[in-house]
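Report on the structure
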Amino acid sequence: MHRLSHTLAARRTALAGAALLILILAGFAVWAAHANKQAVDNVQRLETASDAYQAARHAVAQEHLAALRYQLDGNDVHVAELETARVTLVQALATVARLGGAQDTRTVSAVLARNRYALERFNAMHDLIFNSGDINQIVPISQNQMQPAFDDITATLDRAGRAHRQEALASLSTARNTQRVVLVTTAITIILGLLLLTTASAAMLFRERLERVRQREIERLKQAALTDSLTGLGNHRAFEEALVRDLTAALEAGEPLSLALLDLDGLKQTNDIHGHQAGDECIRALATTLEQAGSGTSGFRIGGDEFALIVRGRRAVDAMYLVQRLQSRMAEAAGDRPVAASAGVAEAVDGISRDTLIRHADLALIQTKRSHRRCLLFNEALEPMMAAADARSGEVDAVAVALGRAVDAKDGFIHSHCEAVSELCGLIGQELGLRPERVAQLRLAGLLHDVGTLGVADAVMQKPGPLDAHELQMAQSHVRLGHAMVSAAGHPIEAEWILHHHERIDGAGYPMGLEGDQIPLESRILFVADAFEAMTTARPYRAARNAEQALQELEAHAGTQFDAECVHALARVLRGHELQDAA
């Protein structure tokens, strides 16, 4: 029993001793923290006072400098500088008086009194300079009275500042000693805390690492589900999601959006002749071109040889120009196996749905391939054309496209000019309310409008400078040649429009000098579309204009050279937003 009691007592003593030790450590920690805080506060107070002394010394130096400058040139600007320095001195000394002790208060009073004396001497010098300017009286005041006063002030401030810095260093040393004691007494606690923190941190880091790995895997799977593995473009699912998202954003922002569907030409033949690896190279080449379409565009591979390009912030005409540039880039970069693609472009208008927009672009693409063209814009005339399509119309389209490409090939500085004019004619005709079948005829005329240039010498058509009278007559003959060729092909109506597509409203055009309503409406449309497309195409003798500049030029000559109604219709087609550069 005695042994148990002794053990119990020993345990109670150990517990009491541990409790007492904890209380001692806690009390010591509180005392050390309080002492350290007082030392740090004292250091901060002394440093602030020392800085204030330094600021006061700088202000006195500024006063002295301003006084000397005034003595040299008598400019009142230096008087204002001296007053500013005096205000700074008073503010700095007020800080010293607030933070310092009795000795600092006496120092501040002495400095202020001495400074008032120096300023009195400056005022005396100022009066002499202002009234007489007698240097024999000014110099003694400056050198014997004012300068010694400033020097005395500076010396006083220097001594006070050094004293505060030394006191601050001593207080800082005390704070450091206290911190060392605190560090020694808390070393065990820190070590234990570090061990606990290390364990907890390791567990948290492991969990975060697992979460990052999981998120990366989710993103990889999500990206794989939306990416075409061959090209790196978005796949059909990504296209559907992006189109819905961009359509909604365009509708909310009131901005245009266009969709281009592209079909890689001749992929099956390439696969059959050269193998599927060669076909894959062609697919990748087209994908690379789409990736270079620029900002505001997104390319997708939505099928084996089918691609899509969403063009945000641009209308259909701008998207058509963009697609034509991409097609030219593909042709220029082609190696042993040329890469080409047909395209159909449609614009999201009047809150059009996703399915309708895709259908419109698909109709334009189908007609593009049927007519052997490069790129077509959707317009209302396409639907009856598709419904009434037959073998003969396909042959006519193919012949027209071939002739149009022959015209473009004759001039090495233009690409797809005839096809672009054809699409612009269709847009203007549709805007003016022409019947769908009339719009279709107008587009055919646009495709063939320059076919007569095939009968004009290259030296004339490609001459970079002005034409002489004979050359001008040869160049103007292309409308009659075109009329004859298109008439012989069985299109007398379109031939008549082509004949007059360079007639001017004021009667100064050719070949017959018709004016106003004497000129067929379709010829007036052709003239406007041809001029706009020509101005937005670069030539060796001039740079291309952007779409807005070309429209402004057309509007400047509306009513004289061009039909105003046709110009306004083209402007309505293009100015649904801030125009993109169509060059």
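The paragraphs below set out a description of the structure included in this document. Not measured: the values here are computed from a predicted model. (Residues numbered from 1 in each chain as written. Predicted model: local features only at pLDDT ≥ 70, side-chain atom pairs only at ≥ 80, totals over all residues. Heavy atoms only, no water.)

A word on the overall build of the protein chain. When you go through the protein chain residue by residue, the secondary structure sums to 21 helices and five strands. Looking at the protein chain as a whole, 42% of its 583 residues are labelled buried. Once local pairs closer than 6 in sequence are excluded, the contacts in the protein chain between residues at least 24 apart make up 67%. Summed over all atoms, the accessible surface of the protein chain reaches about 30500 Å², with 56% contributed by carbon and sulfur. (Helix = DSSP H or I, 4+ residues; strand = E, 2+ residues; numbered from the N terminus. Buried < 20%, exposed > 50% of the residue type's maximum accessible area, 1.4 Å probe, protein only. Contact = heavy atoms within 4.5 Å. Areas by Shrake-Rupley, 256 points an atom, 1.4 Å probe, with all protein chains shown as cover.)

Once that is clear, we can look at the environment of Q54. Mapped onto the elements of the fold, Q54 is located in helix α1 (residues 2-73). Taking C-alpha positions, Q54 is 9.6 Å from A160, a pair spaced 106 residues apart along the chain.

Here we come to unusual backbone geometry. Cis peptide bonds are those with omega within 30 degrees of zero, and the linkage from Y510 to P511 qualifies with 15 degrees. Relative to the helices and strands, P511 is located in the loop between α18 (492-499) and α19 (521-535).

Glancing now at the packing of helix α2 (residues 77-99) against helix α3 (residues 102-131). Relative orientation of the contacting elements α2 and α3 amounts to 170 degrees, with a least axis distance of 10 Å. One finds that α2 runs roughly antiparallel with respect to α3. For the pair formed by α2 and α3, the contact residues are V79, L82, R86, L89, V90, L93, V96 and A97 on the first element and D104, V108, V111, L112, N115, L119, F122 and H126 on the second. (Axes fitted to C-alpha atoms, helices over the stretch in contact; angles between N-to-C directions. Parallel < 35°, antiparallel > 145°, perpendicular 65-115°, else oblique.)

If you check α3, its first and last C-alpha atoms are 44 Å apart, about what 30 residues at 1.5 Å a residue would give, namely 44 Å. Among the residues making up α3, those that are buried are D104, T107, V108, V111, N115, A118, L119, F122, M125 and L128. (Expected span 1.5 Å × (residues − 1).)

Next up on the list: the sheet that holds strand β1 (residues 257-264). Strands sit in the order β2-β3-β1-β4-β5 across an open sheet of five strands; the sheet is mixed. Each end of this open sheet is capped by a strand with a single partner; those strands are β2 (297-301) and β5 (375-377). Pairs of neighbouring strands in the sheet enclose a mean axial angle of 15 degrees, with direction left out of account. Where strand β4 (residues 341-347) and β5 come together, three bridges link them in parallel fashion. Each residue of the ladder has a partner; that of A343, found in β5, is C375. (Pairing = 2+ DSSP bridges.)

Quick look at α2 now. An α-helix turns once per 3.6 residues; consequently, residues spaced three or four apart project the same way. With 23 residues, α2 should cover 33 Å at 1.5 Å per step; its first-to-last C-alpha distance of 34 Å lies within 8% of that length. Along α2, the positions that sit buried rather than exposed are H78, L82, A85, L89, A92, L93, V96 and L99.

Another aspect to go through is the pattern of salt bridges. Tallied over the entire structure, the rule returns 23 salt bridges. When the shortest N-O distance is used, the salt bridge between R57 and D158 registers 2.5 Å. Taken together, the residues span a long stretch of sequence, with R57 in helix α1 and D158 in helix α4 (residues 135-185) at a distance of 101 residues. Between R354 and D355 there is a salt bridge, with its nearest N and O atoms 3.1 Å apart. Assessed through its relative accessible area of 29%, R354 is described here as partly exposed. Through salt bridges with shared partners, a single ionic network connects E240, R354 and D355. (Salt bridge = Lys/Arg side-chain N within 4 Å of Asp/Glu carboxyl O.)

Attention now goes to the pairing of strand β3 (residues 306-312). Buried residues dominate β3, accounting for five of its seven residues. Here five bridges tie β2 to β3, and the two strands are oriented antiparallel to one another. Its bridge partner lying in β3, T297 is registered against V311. From the end of β2 to the start of β3, which pair antiparallel, there are four residues.

Moving on, we get to the packing of aromatic side chains. Applying the stated criterion across every chain, the model contains three aromatic pairs. Residues F527 and F562 carry aromatic rings whose centres are separated by 4.9 Å and whose planes lie at 45 degrees to one another, so their mutual orientation is tilted. You can see F527 sitting in helix α19 and its partner F562 sitting in the loop between α20 (547-556) and α21 (564-574), a full 35 residues away along the chain. Here the two residues F527 and F562 agree in accessibility, since each one is buried. (Phe/Tyr/Trp six-rings, centres within 6.5 Å; stacked < 30°, edge-to-face > 60°.)

Before going further, it helps to spend a moment on the nonpolar core. One finds L262, L309, F532, L554 and L570 to be the most contacted residues of the largest nonpolar core, which totals 67 residues. Per-element accounting of this core gives the leading share, nine residues, to helix α9 (residues 316-333). If we skip the residues at most four places from it in the chain, L554 touches V528, A531, F532, M535, F562, V567 and L570. Ranked by size, the runner-up nonpolar core spans 28 residues in total, among them A92, A118, L119 and M146. (Core = buried A, V, L, I, M, F, W, Y, C linked by side-chain atoms within 4.5 Å.)

Before going further, it helps to spend a moment on the pairing of β1. The two faces of a sheet get side chains in turn, since along a regular strand they alternate between them. Of all eight residues in β1, eight are buried, a share of seventy percent or more. The side-chain alternation of β1 yields two buried faces, one formed by L257, L259, L261 and D263 and the other by S258, A260, L262 and L264. Pairing of β1 with β3 involves seven bridges; the strand directions are antiparallel. Looking across to β3, one finds that L261 is bridged to A308.

Attention shifts here to the side chain of N235. You can see N235 is positioned in the loop between α5 (187-226) and α6 (236-253). A polar contact of 3.2 Å, which involves the side chain of N235, links it to the backbone nitrogen of R237. Reaching out from N235, the side chain makes a polar contact with the backbone nitrogen of A238 at a distance of 3.0 Å. (Polar contact = N/O pair within 3.5 Å; in protein donor to acceptor, adjacent residues only side chain to side chain.)

This brings us to the packing of α6 against helix α10 (residues 354-370). Running from N to C, α6 and α10 point in directions that differ by 110 degrees, and their axes come no closer than 10 Å. Comparing their axes, α10 and α6 come out roughly perpendicular. By crossing handedness, the relation of α6 to α10 is classed as right-handed. Across the interface between the two elements, F239, E240, L243, V244 and L247 of α6 pack against R354, L357 and I358 of α10. Here the contact of α6 with α10 is built from residues that sort into six nonpolar, no polar and two charged. (Left-handed = near helix turned anticlockwise from the far one by under 90°. Nonpolar A, V, L, I, M, F, W, Y, C, P; charged D, E, K, R; others polar.)

Glancing now at the environment of G482. Mapped onto the secondary structure, G482 falls in helix α17 (residues 478-488). Along the chain, G482 and G452 lie 30 residues apart, while their C-alpha atoms are 3.7 Å from each other. With near-sequence residues (within four places) excluded, G482 lies in contact with V451, G452 and I498.

It is worth spelling out a nonpolar patch on the surface at this point. Taken together, the side chains of L183, I190, L194 and L197 present a nonpolar region at the surface, about 380 Å² in accessible area. Top element by residues in the nonpolar patch is α5. It accounts for three residues. (Patch = residues over 30% accessible without salt bridge, like charges linked within 9 Å, V, L, I, M, F, W, Y side chains within 5 Å.)

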